[in-house]
Amino acid sequence: MTKTSTSRLNATVRASIARATTDANAELFANTTVASLDAIHTRCAAWSDNEYKTATDILYGLLADCLKLYDEHFVNANDAERKKLRLDLTAALNERRIKVQSNTTMLTMFIRYVFNSDRKRANRYVSVLTAAKSHGVTYDGLANWLRDNGGIEEVRRQIKKSEEAIKQAAALAEATT
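Quantities reported herein were computed from a predicted structural model and do not represent experimental measurements. (Residues numbered from 1 in each chain as written. Predicted model: local features only at pLDDT ≥ 70, side-chain atom pairs only at ≥ 80, totals over all residues. Heavy atoms only, no water.)

A. Focus on the side chain of Ser 117. With respect to the helices and strands, the residue Ser 117 is situated in the loop between helix 3 (106–115) and helix 4 (119–134). Those residues within four positions of Ser 117 in sequence are excluded, and the remaining contacts are Ile 98, Ile 111, Arg 112 and Ala 122. (Helix = DSSP H or I, 4+ residues; strand = E, 2+ residues; numbered from the N terminus. Contact = heavy atoms within 4.5 Å.)

B. Seen up close, the nonpolar core. If you look at the biggest cluster of nonpolar residues, it comprises 32 residues, and the most contacted ones within it are Leu 63, Ile 111, Leu 142, Trp 145, Leu 146 and Ile 152. By residue number, the principal contributor to this core is helix 1 (residues 3–75), which donates eight residues. Among residues more than four places away in sequence, those in contact with Leu 63 are Ile 111, Phe 115, Tyr 125, Leu 129, Leu 142 and Ile 152. (Core = buried A, V, L, I, M, F, W, Y, C linked by side-chain atoms within 4.5 Å. Buried < 20%, exposed > 50% of the residue type's maximum accessible area, 1.4 Å probe, protein only.)

C. Highlighting helix 3. Counting buried positions over the ten residues of helix 3 gives eight, a clear majority of the element. Three or more residues of helix 3 are buried, namely Met 106, Leu 107, Thr 108, Met 109, Phe 110, Ile 111, Arg 112 and Phe 115. Following helix 3 by one or two positions, Asn 116 adopts a phi angle in the positive range, close to 50 degrees.

D. Representation of the packing of helix 3 against helix 4 in the model. Relative to each other, helix 3 and helix 4 sit at 125 degrees, their axes nearing to 9 Å. Classed by the angle they form, the pair helix 3 and helix 4 counts as oblique. Crossing of helix 3 against helix 4: the hand is right-handed. The residues of helix 4 that touch helix 3, namely those facing Leu 107, Thr 108, Ile 111, Arg 112 and Phe 115, are Arg 119, Arg 121, Ala 122, Asn 123, Tyr 125, Val 126, Leu 129 and Thr 130. For the contact of helix 3 with helix 4, the per-class residue count stands at seven nonpolar, three polar and three charged. (Axes fitted to C-alpha atoms, helices over the stretch in contact; angles between N-to-C directions. Parallel < 35°, antiparallel > 145°, perpendicular 65-115°, else oblique. Left-handed = near helix turned anticlockwise from the far one by under 90°. Nonpolar A, V, L, I, M, F, W, Y, C, P; charged D, E, K, R; others polar.)

E. Highlighting the packing of aromatic side chains. In the structure shown here, the tally under the stated rule is four aromatic pairs. Their ring planes at 85 degrees and their centres at 5.8 Å tell us that Tyr 70 and Phe 110 sit as a pair that is edge-to-face. Taken together, the residues span a long stretch of sequence, with Tyr 70 in helix 1 and Phe 110 in helix 3 at a distance of 40 residues. Per residue, the accessibility class of Tyr 70 equals that of Phe 110, and both read buried. An aromatic cluster of at least three residues, connected via ring pairs, comprises Tyr 70, Phe 74 and Phe 110. We note Arg 82 situated over the ring of Phe 74; from NZ or CZ to the ring centre the distance is 5.4 Å. The ring of Tyr 113 is capped by Arg 96, whose NZ or CZ atom sits 3.8 Å from the centre of that ring. (Phe/Tyr/Trp six-rings, centres within 6.5 Å; stacked < 30°, edge-to-face > 60°. Lys NZ or Arg CZ within 6 Å of the ring centre and 35° of its normal.)

F. Molecular detail of the layout of surface pockets. Taken as a whole, the largest pocket holds about 160 Å³ of empty space. Of all the secondary structure elements, the ones that give two or more residues to the lining of the largest pocket are helix 3 and helix 4. Residues belonging to the lining of the largest pocket are distributed by class as follows: one nonpolar, six polar and three charged. (1 Å grid on protein atoms, 1.4 Å probe; cavity = no way out; pocket = protein on both sides within 12 Å on 5 of 7 lines; lining within 4 Å. Points joined across faces, edges and corners; volume = space filled by probe spheres on them.)

And the structure:
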């Protein structure tokens, strides 16, 4: 064997070893990463079955309590009681630096007070509660209704689809007349 052919052979062997090492490192890297993802997934499943489910159940309970209080202490109140409640609740929200407009619904005010939340979050919850009421759901059936309908976000998506369907039907009716 010539010196050149020996050098080429050594280079080929070194390249093969390097490829094998790189392949082994890539395999180890992929296996380690997937194993780490499996461990995180296991923790996520436990969280989903425990903490997340518990938090969701508590949220649904809070929303049901708000709906019950709204029905019992606002819907069934007389005009003087409603007016006084609105004034006091507006003052309390303003103390918390939560803005309330004159056209803010009382249900929204209840939600904003309980959750100390911004308009977006309150409107999400109120739209879901309004949808539940429109389906004849009472506070004691709210949690099950939400679970049966895929949760808050799924109910909101269905509401949005319904609004879009109404707009499309109106546009179609207008176009055909």
